[in-house]
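A look at the structure
So the chains spell out like this:
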Amino acid sequence: MKAYVFPGQGAQFVGMGKDLYENNPLAKEMFEKANEILGFRITDLMFAGTDEDLRQTKVTQPAIFLHSVILAKTLGDQFKPDMTAGHSLGEFSALVAAGALSFEDGLVLVSKRAMAMQKACEATPSTMAAVLALPDEKVEEICASIEGEVVVCANYNCPGQIVITGEETAVAAAGEALKAAGARRVIPLKVSGPFHCELLKGAGEKLGQELEKVEIQSFTVPYVTNVTAQYVTGPEQVKELLVSQVSSSVRWQQCVEQMIDDGVDTFIEIGPGKTLTGFLKKINRNVKALHVEKTEDLDEVRKECL
């Protein structure tokens, strides 16, 4: 069995998608449609912008969504996954691949989500940091011990790596305590805010208002949600889960373990970077990990899996 998995914010790079635009008519059509929907030429920023351009949440999120979904579309309809999952933002790409969201609705929702999150991030000095080589329970315990300010576990990425999130001073205090407790490293991340904590609840509520305008379609394959690491097979829960996900932890390791337990032996990471492939190798080395980022990767993956 194979699963498509889609990356989240942080995987972006200047030039992403340019080869697809230049070499694939379907990809070019979808990119131009996106420019029209968004009201600005996001392709200019993706193909020839600066790192600073792409680090803006309102640009990063739709850019990664576009790159991921267009790559999945160009793999072809004859090449279908048995299930899908996405890391944070990547859930929207996973829902398009699962047939639950149209490309157009997904892009609008991602754009609205990005703008709401960027506004929320600007309201409070905040940050995130990766914690290496400390048990999950110890990281949770230390975060809970920081009084007066918000700091929690944002991403359970793989064994030995958790990302914490919250107010700047609280993340800094937790970082010192985590190093004292034996963490090998605590690495500040270059992000624009405290993703996946209660400081983003307002952004989730705004996303909920946008979701009310969208119809979730029947699924062609299930997807595994970050919030619970469980399968979703129908449209009823999707909106509530997407709202919750903005301010809830991403249980990525648990999502991958769930899929492996149910027979997935091949994971295809679709989109910029190889972050999820790296996590997968730490979660379980016995499964196959493939990656699609550029045009030349498409034929290789088809050859491996068809």
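To be clear, the structure that these remarks concern was listed above.
So, here's what we can say about the structure.

Procedures and definitions
Within each chain, residues carry numbers counting from 1 in the order of the written sequence. Local features in a predicted model are, by the rule used here, given only for residues with pLDDT of at least 70; side-chain atom pairs are given and counted only at 80 or more, and totals for whole chains, interfaces and linings are based on all residues. Computation of side-chain values: all heavy atoms of the structure, hydrogens and water removed. We count a salt bridge whenever a side-chain nitrogen from Lys or Arg sits within 4 Å of a carboxyl oxygen from Asp or Glu. When accessible area is computed with a 1.4 Å probe and restricted to protein chains, residues below 20% of their type maximum are described as buried, those above 50% as exposed, and intermediate ones as partly exposed. Counting from the N terminus, the helices are the DSSP runs of H or I reaching at least four residues and the strands are the DSSP runs of E reaching at least two. In short, DSSP must find at least two bridges between two strands for them to pair. Note on definitions: a residue-residue contact is assigned when non-hydrogen atoms from the two residues lie within 4.5 Å. To obtain an axis, a line is fitted to C-alpha atoms, over the contacting stretch when the element is a helix, and the angle between two such axes runs from 0 to 180 degrees between their N-to-C directions. Each polar contact in these results corresponds to two N or O atoms within 3.5 Å; when the atoms are within protein, one needs to be able to donate a hydrogen and the other to accept it, and residues that are neighboring in sequence are counted only if both atoms are side-chain atoms. Each pair of aromatic rings taken from Phe, Tyr and Trp, with Trp reduced to its six-membered ring, is defined by centres within 6.5 Å and is described as stacked if the planes are under 30 degrees apart, edge-to-face if over 60, and tilted in the remaining cases. To estimate how far a helix should extend, the number of its residues minus one is multiplied by 1.5 Å. In this context, the arc is that of the directions from the helix axis out to the C-beta atoms. The scheme is simple: roughly parallel for angles under 35 degrees, roughly antiparallel for over 145, roughly perpendicular for 65 to 115, oblique for anything else. Should the near helix be turned anticlockwise from the far one by less than a right angle, the crossing is termed left-handed; should it be turned clockwise, right-handed. Residue type decides the class: Asp, Glu, Lys and Arg count as charged, Ala, Val, Leu, Ile, Met, Phe, Trp, Tyr, Cys and Pro as nonpolar, and the leftover types, Gly among them, as polar.

1. Observations concerning the pattern of salt bridges
Any two side chains of opposite charge can pair, on the condition that their charged atoms come close. For the structure on display, the rule yields six salt bridges. Here E32 ties to R41 by a salt bridge, and the two come within 3.1 Å at their closest N and O atoms. Owing to a relative accessible area of 26%, E32 belongs among the partly exposed residues under this scheme. The class for R41 is partly exposed, based on a relative accessible area of 39%. For the salt bridge of K179 with E176, the shortest nitrogen-to-oxygen distance reads 3.2 Å. With a gap of three residues between them, K179 and E176 both fall in helix 9 (residues 168-180), about one helical turn apart. With relative accessibility at 41%, the residue K179 sits in the partly exposed group.

2. A few points about the sheet that holds strand 1 (residues 2-6)
Taken in spatial order, the six strands make up an open sheet running 8-7-2-1-9-10, and their pairing is mixed. Two strands bound the open sheet, and with one partner strand each, they are strand 8 (231-232) and strand 10 (288-292). Relative to strand 2 (residues 83-86), strand 1 is paired through four bridges, and the arrangement is parallel. Pairing of V5 across the sheet is with A85, part of strand 2. On the sheet, helix 12 (residues 252-261) packs against strand 1, strand 2, strand 7 (223-224), strand 8 and strand 9 (266-270) and is oriented at approximately 170° with respect to strand 2.

3. Considerations on the environment of S249
Position of S249 relative to the elements: it lies in the loop between helix 11 (238-247) and helix 12. Put simply, S249 and K2 are 247 residues apart on the chain and 25 Å apart in space, counted from C-alpha to C-alpha. Contacts of S249, omitting those with residues within four sequence positions, involve C153, A154, Y156, H196, N226 and V227. Reaching out from S249, the side chain makes a polar contact with the backbone oxygen of C153 at a distance of 2.6 Å.

4. Some remarks on the environment of F40
Here F40 is to be found in the loop between helix 2 (25-38) and helix 3 (42-48). A relative accessible area of 33% means that F40 is categorised as partly exposed. Not counting residues up to four positions away in its chain, the partners in contact with F40 are N35 and L45.

5. Digging into the packing of aromatic side chains
Tallied over the full model, the rule gives six aromatic pairs. Ring centres 5.4 Å apart and planes at 65° place the aromatic pair Y21 and F47 in the edge-to-face group. Taken as a pair, Y21 in helix 1 (residues 18-23) and F47 in helix 3 lie far apart in primary sequence, 26 residues in all. In terms of burial, Y21 and F47 fall into one category: buried. Pairing F65 with F103 gives two aromatic rings, centres 6.3 Å apart and planes at 15°, and the pair type is stacked.

6. Some thoughts on helix 2
Between its terminal C-alpha atoms helix 2 stretches 20 Å, which fits the 20 Å expected from 14 residues at 1.5 Å a residue. Looking at helix 2, one finds that the buried residues are A27, M30, F31, A34, N35 and L38. Along the long axis of helix 2, the arc covered by the buried residues comes to 145°, so they all point the same way. Across helix 2 from its buried face, at more than 90 degrees, point the exposed residues P25, E29 and E36. Close packing links the buried residues of helix 2 with helix 1, helix 3, helix 5 (57-75) and helix 7 (103-123). A distance of 3.0 Å separates the backbone nitrogen of L26 from a side-chain oxygen at the start of helix 2, and that oxygen is part of N24. Following helix 2 by one or two positions, G39 adopts a phi angle in the positive range, close to 85°.

7. Some details on the packing of helix 5 against helix 14 (residues 295-305)
Taken N-terminus to C-terminus, the directions of helix 5 and helix 14 make an angle of 50°; their axes are 10 Å apart at the nearest point. With respect to each other, helix 5 and helix 14 are oriented oblique. For the pair helix 5 and helix 14, the sense of crossing is right-handed. Counted together, L71, T74 and L75 of helix 5 and L298, V301 and R302 of helix 14 form the full contact between these two elements.

8. Observations concerning the packing of helix 10 (residues 201-211) against helix 11
To describe two helices that pack against each other, one gives the angle between their axes and the distance between the axes. Running from N to C, helix 10 and helix 11 cross one another at 160°; their axes reach a closest spacing of 7 Å. The angle between helix 10 and helix 11 falls in the class roughly antiparallel. When you trace helix 10 past helix 11, the crossing you get is right-handed. From helix 10, K201, A203, G204, E205, L207, G208 and L211 reach across to helix 11, where they touch K239, L242, V243, V246 and S247. Along the lines of polarity and charge, the residues of the contact of helix 10 with helix 11 split into six nonpolar, three polar and three charged.

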